[in-house]
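# A closer look at the structure
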Amino acid sequence: MSSTSEKSSTSSSLLSAQTLVIAGIVWAVMALLFFLLFSVPLSAEEGLPLWYSIGTYIFECGAYLGAALVCFRNWQSPHMVSGRNVWLGIGLGMLFYFIAGVLFGIWELYFGLDPDVSPADAFYLGSYVVLIGGMVVAVTSKRLNLEIWQWGLLAGIAAFGIAVAIWVAAPDSWRVQLGMAPAATQEVVTESEAATTATGTAPALENSSKLEAQTAATEGASEPEEEAQIKAPGWVMALDKQLAPHKNAINLFYIVGDVFLLIIATALLLAFWGGRFSQSWRMIAAATFSLYIADMYFKWRDTQAEGSYQSGSLLEVFFVFSAILFGIGAILEHDISTRSRQSRRSRRAA
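Residues numbered from 1 in each chain as written. Predicted model: local features only at pLDDT ≥ 70, side-chain atom pairs only at ≥ 80, totals over all residues. Heavy atoms only, no water.

Turning our attention to a nonpolar patch on the surface. Side chains of Ile25, Val29, Leu32, Leu33, Leu36, Leu37, Phe38, Trp51 and Leu314 sit close together on the surface and give an oily, nonpolar patch of about 820 Å² of accessible area. If you tally residues by element for the nonpolar patch, the top one is helix α2 (residues 17-38), at seven residues. The topology assignment puts Leu33 in helix α2. (Patch = residues over 30% accessible without salt bridge, like charges linked within 9 Å, V, L, I, M, F, W, Y side chains within 5 Å. Areas by Shrake-Rupley, 256 points an atom, 1.4 Å probe, with all protein chains shown as cover. Salt bridge = Lys/Arg side-chain N within 4 Å of Asp/Glu carboxyl O. Helix = DSSP H or I, 4+ residues; strand = E, 2+ residues; numbered from the N terminus.)

Printed below as a string of structure tokens:
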């Protein structure tokens, strides 16, 4: 009997709120140090080393898996004040992010592909749906009695999020017209066309055979290198071609989902501010802000790099922070809910 009680007390201490929160903070600090120390590419040609990319996926996927587990623990408990469906939605969102990270890692690291759309996007899209659903349930379960300045703050953050999203998603032609990007490429092309017109067509005809030979040699040298890097089987390449046309629609969904999550997180932060469960929902709001920062940065870098961007930059550590903060929010609410339940029982017994 004593050994059984000792084992139960040991397991309860290992799963206590303080232990789990400390474990999450340690994981976040380790991830931050890893990104800070090793996120610099070896060179422009080599990029980031393989071991570093694997490490980033381990930190990210491990954080989302842990967050999913603690959220599902809240879902199974009948004492959650926010409701079980709220944590079911958030837990499914964390689980979908974990599965998507694993699939995207396989496509990027094992197959050597940099696809615009992959099967991981199905789980990323699903994570947005269930996350938004769970957070909407949390908002609707609590009446929003916001003051005028709080509504103004909510509108300001919504406008800021929409402006950043439009800037990230805007085509290059829009950026040049709005003055957000220099028109250097157009000037270079115009100057080169003018020079070609001035010199005439005779030099081009004389050097055409040389240019064709150089192009053929370059293509012949590059094709074996690309084949050596890409290990994807035929069905993966075929699937990549089938999914590629859906890139714009999926990116638009991501951007709209990020803005919607940002607005809901702000509403939750204002609605639960100062209440008994404000700590947990502050963590949830901070997690959503971190997810917005990481996702906007990833899309901006991918757009600037024209599809050749390799994941693993420093600001992508906010993906890890987002998962850790979601998990800490779930842990705090579980702790407060169970403690309030135990205090009520003790009062009744007294």
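With that settled, consider the packing of aromatic side chains. Inspection of the entire model under this criterion finds 22 aromatic pairs. Ring plane angle 90° and centroid distance 6.4 Å describe the contact between Trp51 and Tyr52, whose orientation is recorded as edge-to-face. Under the relative-accessibility criterion, Tyr52 is labelled buried at 0%. Pairing Tyr128 with Phe253 gives two aromatic rings, centres 6.4 Å apart and planes at 75°, and the pair type is edge-to-face. Taken together, the positions of Tyr128 in helix α5 (residues 120-140) and Phe253 in helix α11 (residues 247-271) put the pair 125 residues apart, joining distant regions of the chain. (Phe/Tyr/Trp six-rings, centres within 6.5 Å; stacked < 30°, edge-to-face > 60°. Buried < 20%, exposed > 50% of the residue type's maximum accessible area, 1.4 Å probe, protein only.)

Ranked by size, the top nonpolar core spans 61 residues in total, and within it Trp87, Ile90, Met94, Leu268 and Trp281 carry the most contacts. When residues of this core are traced back to their parent elements, those giving at least two are α2, α3 (50-76), α4 (84-110), α5, α11, α12 (278-304) and α13 (317-349). Here the element with the most residues in this core is α13; it accounts for 12 residues. If we skip the residues at most four places from it in the chain, Trp281 touches Ser82, Val86, Trp87, Ala138, Leu268, Leu269, Phe272 and Glu333. Residues Ala165, Val168, Val259 and Tyr292 belong to the second largest nonpolar core, which totals seven residues. (Core = buried A, V, L, I, M, F, W, Y, C linked by side-chain atoms within 4.5 Å. Contact = heavy atoms within 4.5 Å.)

For Gly55, the location among the structural elements is in helix α3. For Gly55, a relative accessible area of 10% gives the class buried. Taking the C-alpha atoms as reference points, Gly55 and Phe35, 20 residues apart in sequence, are found 9.2 Å from one another.

The next point concerns helix α6 (residues 148-169). With 22 residues, α6 extends 31 Å from end C-alpha to end C-alpha; this agrees with the ideal 32 Å at 1.5 Å per step. Of the positions making up α6, those classed as buried are Gln150, Leu154, Ala158, Gly161, Ala165 and Val168. Projected down its long axis, α6 carries its buried residues within an arc of 95°, all on one side. Across α6 from its buried face, at more than 90 degrees, point the exposed residues Ile148, Trp149, Phe160 and Ile166. (Expected span 1.5 Å × (residues − 1). Arc of directions from axis to C-beta.)

Packing of α4 against α5 brings their axes to within 7 Å, and their N-to-C directions diverge by 165°. Put simply, α4 runs roughly antiparallel to α5. As α4 packs across α5, the resulting crossing turns out to be left-handed. When grouped by side-chain class, the residues that make up the contact of α4 with α5 number 18 nonpolar, six polar and no charged. (Axes fitted to C-alpha atoms, helices over the stretch in contact; angles between N-to-C directions. Parallel < 35°, antiparallel > 145°, perpendicular 65-115°, else oblique. Left-handed = near helix turned anticlockwise from the far one by under 90°. Nonpolar A, V, L, I, M, F, W, Y, C, P; charged D, E, K, R; others polar.)

Let us look at α2. With 22 residues, α2 should reach 32 Å at 1.5 Å per residue; the first-to-last C-alpha distance of 32 Å fits that figure. Within the sequence span of α2, burial applies to Ala17, Val21, Gly24, Ala28, Ala31, Phe34 and Phe35. Seen from one end, α2 has its buried residues packed into an arc of 150°, which puts them on one side. In this structure, α2 carries Gln18 and Leu37 as exposed residues pointing more than 90 degrees from its buried face.

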